[in-house]
Amino acid sequence: MSWFTLKKRLAIPTKQAGPEEPITTIIQQAISSSDFSHYQLLTPSRSVWLSFYHTLVDKDSLHEELIKKLQSNPFSTLEEIKTFVTLGTLQLSSDAKQVSDALMRGHVCLQLEECDPLCLLIPIPTDTKRDISIPEVEFSVVGPKESFVESLDVNIFLVRKRIPVPELRTTEFIIGNLSRSRVCVLYIESIANEENVRTMIQRVSDIQFDQVIDSSFINQMIEDNSLSPFPQFIDTERPDRVAAALSEGKVIVLVDGSPQAITGPTTLIEFFAAFEDYFMSWHIASVLRSIRLFSVWFSIFATPLYVSVLTYHAEIVPQDLLATIILSRSAIPFPPILEALFLEVTIELLREAGARLPTKVGQTIGIVGGIVIGTAAVEAGLTSNILLIIVALAALASFTTPVYRMGNTIRLLRFPFIIAAQLWGLIALSVLFCFLLIHLLTLSSLGRPYLAPLYPPRLADFKDAFYRLPFNFQSERPQQLQTKKSKRFNAKKAKKKKDIDEGL
């Protein structure tokens with residue numbers, strides 16, 4: 001990481017300025033930094049003093065738009081300088097804390113005299129934002145190909161471009177004593193529930209942490225239950241998904257320096273609904289969503305069921321299949337729990353190694369390593385080929401979850417169920433599932449039920465839960481959001497199809 005990037009991320013002043021301190025003290029403290037410039041500029045009218053961090057300002061704009069104009073235009077006061085320098089919003093200030101914060105944001109402090117208590121703050125921040133690219137995590141074959149970047153202003157532009165209405169409100173905060181990160185809360189005032197907006201703003205503004213670098217920090221700090229392994233907010237890199245969430249009445253959080261947006265409140269079902277579902281016919285989308293939900297259950301319970309059945313309930317296996325299982329395990333000296341844990345840990349090691357290595361090397365390790373280790377484990381008598389197939393299918397099923405954080409939760413849940421299956425078989429699995437269900441029932445997202453529309457039951461919201469109905473059937477926003485405007489459009493008019501007149 002370059003010094004410029006680190007300086008911009010941390011924005012650490014030498015000392016926290018107070019309103020009682022003079023501007024001269026702040027400048028003298030900053031001079032000890034090697035990238036701080038403080039010098040006298042001679043112009044035909046009079047001399048001025050410029051103070052700025054040259055790693056944070058745009059040097060071309062500094063020379064072309066400020067220094068040249070100061071040398072070519074007559075002036076005697078700071079107010080006169082504001083008439084011919086057109087670099088954003090210029091501010092007169094004598095507040096030392098405001099001057100300190102402005103210097104760390106790429107402003108130039110201009111004084112008529114070196115000890116002048118009043119200065120002119122001129123914004124000339126350097127532009128180092130990444131170009132807008134295609135989504136990498138939430139890639140879709142059809143649909144828009146834009147994703148968020150690390151610039152907060154660019155991300156807000158991407159959202160406003162899709163929702164060009166004045167009701168889209170933004171509320172900005174500065175979070176972190178060291179990072180001084182810009183955090184913005186977005187919502188549509190005419191739609192979003194005021195209680196949801198107030199709750200989100202309160203949680204963001206109450207954050208007490210010295211360094212907030214990414215939106216994932218905010219995500220963990222504003223969750224209703226930070227001890228739960230289940231994510232209670234969806235983070236997304238797609239502006240179109242954020243625009244759709246805003247139109248439903250949700251609240252969005254954007255963080256400067258992070259390409260991910262936080263959306264809430266959310267429900268458990270939404271973590272298994274890919275946004276690509278809305279770019280294809282509702283029949284296909286419903287089938288694919290059902291496959292994902294089935295994959296979740298299979299990923300969690302496939303291996304535990306294998307362990308519990310072979311350990312306690314072999315009588316429920318058909319005779320023909322039982323003979324095949326016994327034959328495959330005839331040379332294995334370990335109980336089912338050990339061979340299951342061996343394969344599960346091996347899969348997790350391969351997955352983690354593939355994620356940490358470079359892309360091409362990681363793909364090779366994942367494919368070749370899985371084949372080689374799996375074949376060698378079966379031939380060495382460490383595991384049965386049937387369990388190898390089950391574990392491989394369970395690993396593939398966990399990859400179908402569209403949201404990465406929920407996919408990690410699914411991976412974690414398998415292990416306590418495997419251990420419970422070894423202790424008491426199917427009874428333990430049933431008891432542990434009841435505890436899991438109770439935990440989900442008590443969870444909430446921004447104060448809203450996490451298991452909606454299942455509990456509390458909201459039949460109207462089932463139109464976009466386990467399956468997706470056509471758009472003309474989705475005339476109302478989700479009931480659990482309790483929005484100001486429940487209607488999206490007139491359902492009767494949407495169902496009417498007009499034909500071209502015969503005379504045309």
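Up top is the structure these notes are about.
Residues numbered from 1 in each chain as written. Predicted model: local features only at pLDDT ≥ 70, side-chain atom pairs only at ≥ 80, totals over all residues. Heavy atoms only, no water.

**Section: the overall build of the protein**
Alright, step 1. Along the protein, the regular secondary structure elements total 16 helices and twelve strands.
Alright, step 2. Against the globule reference of 23 Å for 504 residues, the protein gives a C-alpha radius of gyration of 30 Å, more extended than a compact globule.
Alright, step 3. Along the longest, intermediate and shortest principal axes, the C-alpha atoms of the protein span 100 × 70 × 45 Å.
Alright, step 4. Counting every position in the protein, which comprises 504 residues, the buried fraction comes to 47%. (Helix = DSSP H or I, 4+ residues; strand = E, 2+ residues; numbered from the N terminus. Rg over C-alpha atoms; globule rule 2.2 N^0.38 Å. Buried < 20%, exposed > 50% of the residue type's maximum accessible area, 1.4 Å probe, protein only.)

**Examining the pairing of strand 7 (residues 181-188)**
Alright, step 1. Of all the eight residues making up strand 7, eight are buried; the element is thus mostly covered by neighbouring parts of the structure.
Alright, step 2. Burial along strand 7 is two-sided: Ser-181, Val-183, Val-185 and Tyr-187 facing one way and Arg-182, Cys-184, Leu-186 and Ile-188 facing the other are all buried.
Alright, step 3. Counting the residues that bridge the hairpin from strand 6 (residues 168-175) to strand 7 gives five residues, and of these Gly-176 lies at a positive phi of roughly 100°.
Alright, step 4. Where strand 7 meets strand 9 (residues 251-255), four bridges bridge the pair, whose relative direction is antiparallel. By the bridge assignment for strand 9, Val-183 is matched with Val-255. (Pairing = 2+ DSSP bridges.)

**Observations regarding the sheet that holds strand 6**
Alright, step 1. The antiparallel open sheet is built from five strands, whose spatial order is 6-7-9-10-8. Each edge of the sheet is formed by a strand with only one pairing partner; in this case those strands are strand 6 and strand 8 (234-236). Put simply, the sheet's adjacent strands are angled 25° from each other on average, direction ignored.
Alright, step 2. In this structure, strand 9 lies alongside strand 10 (residues 261-264), joined through three bridges in antiparallel fashion. Bridge pairing in strand 10 links Val-251 to Gly-264.
Alright, step 3. On the sheet, helix 6 (residues 152-162) packs against strand 6, strand 7 and strand 9 and is oriented at approximately 10° with respect to strand 7. (Axes fitted to C-alpha atoms, helices over the stretch in contact; angles between N-to-C directions. Contact = heavy atoms within 4.5 Å.)

**So, the nonpolar core**
Alright, step 1. Ranked by internal contacts, the top residues of the largest apolar core, which has 36 residues, are Phe-230, Leu-268, Met-406, Leu-440 and Tyr-450.
Alright, step 2. At the level of secondary structure, the elements contributing two or more residues to this core comprise helix 10 (282-312), helix 11 (319-328), helix 12 (336-356), helix 14 (385-398) and helix 15 (404-442).
Alright, step 3. When near neighbours in sequence (up to four residues on either side) are disregarded, Phe-230 contacts Glu-223, Leu-268, Met-406, Thr-409, Leu-413, Leu-436, His-439, Leu-440, Leu-443 and Tyr-450.
Alright, step 4. Of all hydrophobic cores here, the second largest spans 22 residues; its members include Leu-41, Val-85, Leu-87 and Leu-110. (Core = buried A, V, L, I, M, F, W, Y, C linked by side-chain atoms within 4.5 Å.)

**A closer look at the side chain of Ser-398**
Alright, step 1. Here Ser-398 lies in helix 14.
Alright, step 2. Sequence-distant contacts of Ser-398, that is, excluding residues within four places in its chain, are made with Ser-299, Arg-351 and Arg-414.

**A short note on the packing of aromatic side chains**
Alright, step 1. As enumerated under the stated definition, the model contains 13 aromatic pairs in all.
Alright, step 2. Taking the centre distance of 6.2 Å and the plane angle of 65° together, the rings of Phe-301 and Phe-433 count as edge-to-face. On the criterion of sequence distance, the pair formed by Phe-301 in helix 10 and Phe-433 in helix 15 is long-range, its members being 132 residues apart.
Alright, step 3. Take Phe-433: its relative accessible area is 28%, and that puts it in the partly exposed class.
Alright, step 4. Site record: aromatic cluster; members linked through ring pairs are Trp-297, Phe-301, Phe-417 and Phe-433. (Phe/Tyr/Trp six-rings, centres within 6.5 Å; stacked < 30°, edge-to-face > 60°.)

**Details of the sheet that holds strand 3 (residues 91-93)**
Alright, step 1. Reading across from one edge, 1-2-4-5-3 is the order of the five strands in this open sheet, with antiparallel pairing throughout. Each of the sheet's edge strands pairs with one partner strand only, and the pair in question is strand 1 (36-42) and strand 3. The sheet shows a mean angle of 25° between the axes of neighbouring strands, taken without regard to direction.
Alright, step 2. Pairing of strand 1 with strand 2 (residues 47-53) involves seven bridges; the strand directions are antiparallel. Opposite Phe-36, over in strand 2, you have Tyr-53 as the bridge partner.
Alright, step 3. Along the sheet, helix 2 (residues 23-30) contacts strand 1, strand 2, strand 3, strand 4 (107-111) and strand 5 (119-123); its crossing angle with strand 4, the most-contacted strand, is approximately 125°.

**Structural notes on unusual backbone geometry**
Glycine aside, residues mostly have negative phi angles, and peptide bonds mostly take the trans form.
Alright, step 1. In this model, Gly-264 is joined to Pro-265 through a cis peptide bond whose omega is -5°.
Alright, step 2. Note that Pro-265 resides in the loop between strand 10 and helix 10.
Alright, step 3. In this structure, Pro-453 follows Ala-452 across a cis peptide bond, with omega equal to 5°.
Alright, step 4. Within the secondary structure layout, Pro-453 lies in the loop between strand 12 (448-449) and helix 16 (491-495).
Alright, step 5. Of note in the backbone geometry, Arg-180 takes a positive phi value of approximately 50° without being a glycine.

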